[in-house]
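Tertiary structure, described
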Amino acid sequence: MLRNVTLVFAIGFLAAMVALAVFAPLLPLPDPVKMDVISRMAGPSWAHPFGQDEYGRDIFSRIIHGARASLAVSLTAAALAGAAGVIVGLVGGYFQGWIELATMRPLDVILSFPPMLLALLAVALLGPGALTLTVILSILFIPAYARVTYGEVLVVRNHEYVEAARALGHRPLRILARTILPNVAGPVLVQFSLVVASCIVLESGLSFLGLGVVPPTPSWGLMIRGARAYMHLDPMGIVWPCMALVFTVFSVNRLCDHLRDVFDPKARRVSFSPASAIDEDDGARGREAAAGSATDDMLLDIRNLTTEIAVPRGSIRAVDGVSLKVRRGEAVALVGESGSGKSMTGLAIMKLLPRRISRIARGSIDYVTADRQRHDLATVPLNRFRAYRGKEIGMVFQEPMACLNPVYTIGYQLVEAVTAHARLPKQETWARALKALKQVGIPDPERRLHEYPHQLSGGMRQRVAIAIALCGKPSLLIADEPTTALDVTVQAQILDLLEQIREASRIGLIFITHNLGVVAEIADRVVVMYCGQVVEEGTAEEIFYTPRHPYTRGLLASVPKVEDKTGGNKRLSSIPGAVPSPLALPPGCRFAPRCAHATDLCNAGVPALEPVSDSQAARCVRWRELA
Ligand SMILES: Nc1ncnc2c1ncn2[C@@H]1O[C@H](COP(=O)(O)OP(=O)(O)OP(=O)(O)O)[C@@H](O)[C@H]1O
């Protein structure tokens, strides 16, 4: 709501300012340079709504005419600097080598001088005036754009889609213009708003010093300069040009912020179908409050969870009606191929779904606290949910290097985690950090506290990440593929560690993996997901010895076994076909197009998750026959 109000204000203010500035000579305004010394510093009147300045000139007219100089200089300089800077940054970042040296290094020279000092020097040499000012400001701000663009290009240039464009044989110019430029447009727009603001301030500053716009041409800087000497007699004389300056800078910033959102698909606001909006209303209806007390060891009770992600061609249900339960001390594995919605389920629990483009559309995530009160995390506001993160629920990610900050020591990061939820004396904080490291079996923990993440092996880093996740003593730990990036022996050590922690502290564990082999070692219960839905669930024993869904069987058949390798002639099977696009899901069973047992019945409608036993269920219409 507030965002919309500020946006409407920004657009309205800028549009009015630009229109008034452009048409100022045609408007019935008093002459901005005509003096009337008898009425100097006169207050507001019908003829002069903002009053008159120290020479009796009309302040309103000078503000409007002053906008011509201030906006023309600033917008032109920002646009020229932007065009040049973006080209330099694109070329330097993409080609690298000597081209990078030739384009980026000269800019470092400009950057090493304070902008105001350089501007003063240039104006002193070339003489004041709006044109000189525009040229100088353009040159001064080229490095600002170039560096932002250069940094973004360095990130983007190795992405797979740039590789793909190269592989297609596109020329560098085309790749730069069509593939890379749109990806760096967001930060460049933000830079534009900052540069316009800086240009307006610099123009005003230089005019204030008498080195910018030449009097009597009005400019906001000159107005501030003139009014400053008399501000004790007429304070409003300085307030009006300052307000014009502040509102213009704010409006440019707000507008560019909005443009960045519009042009950046990753930051674009979500627009959902009316049907799903109705769903949300249903789901949100007063579920946040404690919904009675739980009677058993239940820790997490997810019901009918549906998350939606806005994509360019509509919205997809990454998680579609998922229900699952985790008890205290229980390990539940979420398994499935890539894209089945496992991570989204974990992120939804942590309220970490991609911002702006995704949301929980339906369902509840009841978290049961130690005093057995249920809280629906789906509707707990984010500011209150922060108290749950780390303290009630911890999370470990796949790539520990990506979640450990490379510029801080392990000790510092552990201390940060300890103090996130408890204010303790410094010594006790460090003692806890040390204990956490010992708990995850890091040898020589005193020394490791002072080391940086890059000084540790992959397995050690994952242990540190687990230690950090456990610092708040959570009751539930979500581990999203925590062993995938590790080699097999280290994988086994991390699994052992999680198992020990679970036994020692009765922590509930959600273990997300695509590898059923890993599941066998750690899980009590297994939930198999496919295309956002649970297709089978049961105890680990049921899933491994009596799987009912053909997809689960396919996953099991693709797990390498020791005898396959030693026996020599047994080939590893894979599930034929690929996971369908979430935008084009089959009408019935989502696995049917890849299933060797599919019949017309399978395509008739989405099958329900049918109970197979007290603890097992399968989403397959033919599970009885196939058993
Ligand atoms: N930021 C995003 N924007 C658009 N779609 C997304 C985004 N993140 C995930 N998805 C889509 O949501 C669906 C579920 O993704 P999710 O990451 O949960 O799968 P997963 O089973 O965890 O797979 P993986 O093992 O590869 O992480 C996929 O179809 C994926 O393409």
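Residues numbered from 1 in each chain as written. Predicted model: local features only at pLDDT ≥ 70, side-chain atom pairs only at ≥ 80, totals over all residues.

Under an unreviewed UniProt entry, the name given to the protein chain is Peptide/nickel transport system permease protein, and the source organism is Pseudochelatococcus lubricantis.

**Quick notes on the site of the ligand**
Not every one of the 14 residues close to the ligand is listed here, only the nearest: Ala-318, Ser-338, Lys-342, Ser-343 and Met-344. Looking at the shell around the ligand, the elements with two or more residues in it are β1 (298-311) and α11 (342-349). A total of three residues in the shell around the ligand trace back to one element, the largest contributor, which is α11. (Near = placed C-beta within 6 Å. Helix = DSSP H or I, 4+ residues; strand = E, 2+ residues; numbered from the N terminus.)

**Digging into the sheet that holds strand β4 (residues 358-368)**
Each strand in a sheet pairs with another by means of backbone hydrogen bonds, the pair being arranged parallel or else antiparallel. On the basis of which strands lie adjacent, the open sheet formed by four strands has the order β2-β1-β4-β5 and antiparallel pairing. Edge positions in the open sheet fall to β2 (314-327) and β5 (374-376), since each of these has one partner strand only. Mean inter-strand twist for the sheet, computed between neighbouring axes without regard to direction, equals 5°. Note: β4 against β5, three bridges, orientation antiparallel. Looking at the pairing, Asp-366 lines up with Asp-376 of β5. α11 rests against β1, β2 and β4 of the sheet, and its axis sits at about 70° to β2. (Pairing = 2+ DSSP bridges. Axes fitted to C-alpha atoms, helices over the stretch in contact; angles between N-to-C directions. Contact = placed C-beta atoms within 7 Å.)

**Topic: the nonpolar core**
Core analysis: the largest hydrophobic core is formed by 82 residues, its most contacted members being Ala-333, Leu-414, Ala-467, Phe-511, Val-527 and Val-528. The element that contributes the greatest number of residues to this core is helix α17 (residues 458-470), accounting for eight residues. Contact partners of Phe-511, with chain neighbours within four places excluded, come to Ala-331, Ala-333, Ala-479, Ile-522 and Ala-523. The next biggest cluster of nonpolar side chains, apart from the first, holds 57 residues, and it includes Leu-133, Phe-141, Ile-224 and Leu-255. (Core = buried A, V, L, I, M, F, W, Y, C linked by C-beta atoms within 7 Å. Buried ≥ 20, exposed ≤ 12 C-beta atoms within 10 Å, placed from the backbone.)

**Side note on the packing of helix α7 (residues 172-208) against helix α8 (residues 220-228)**
Look at α7 against α8: their axes get within 7 Å of each other, and the N-to-C directions meet at 45°. In terms of orientation, α7 lies oblique with respect to α8. Two packed elements cross with a definite hand, and for α7 against α8 that hand is right-handed. Across the interface between the two elements, Glu-203, Ser-204, Gly-205, Leu-206, Ser-207 and Phe-208 of α7 pack against Trp-220, Gly-221, Leu-222, Ile-224 and Arg-225 of α8. Counted by class, the contact of α7 with α8 contains five nonpolar, four polar and two charged residues. (Parallel < 35°, antiparallel > 145°, perpendicular 65-115°, else oblique. Left-handed = near helix turned anticlockwise from the far one by under 90°. Nonpolar A, V, L, I, M, F, W, Y, C, P; charged D, E, K, R; others polar.)

**Quick look at unusual backbone geometry**
Phi is positive for Asn-304, close to 55°, though the residue is something other than glycine. Among the structural elements, Asn-304 can be located in strand β1. Residue class for Asn-304 comes out exposed when judged on the 12 C-beta atoms lying within 10 Å of it. Not every positive phi belongs to a glycine, and Arg-372 is a case in point at roughly 65°. For Arg-372, the location among the structural elements is in the loop between β4 and β5.

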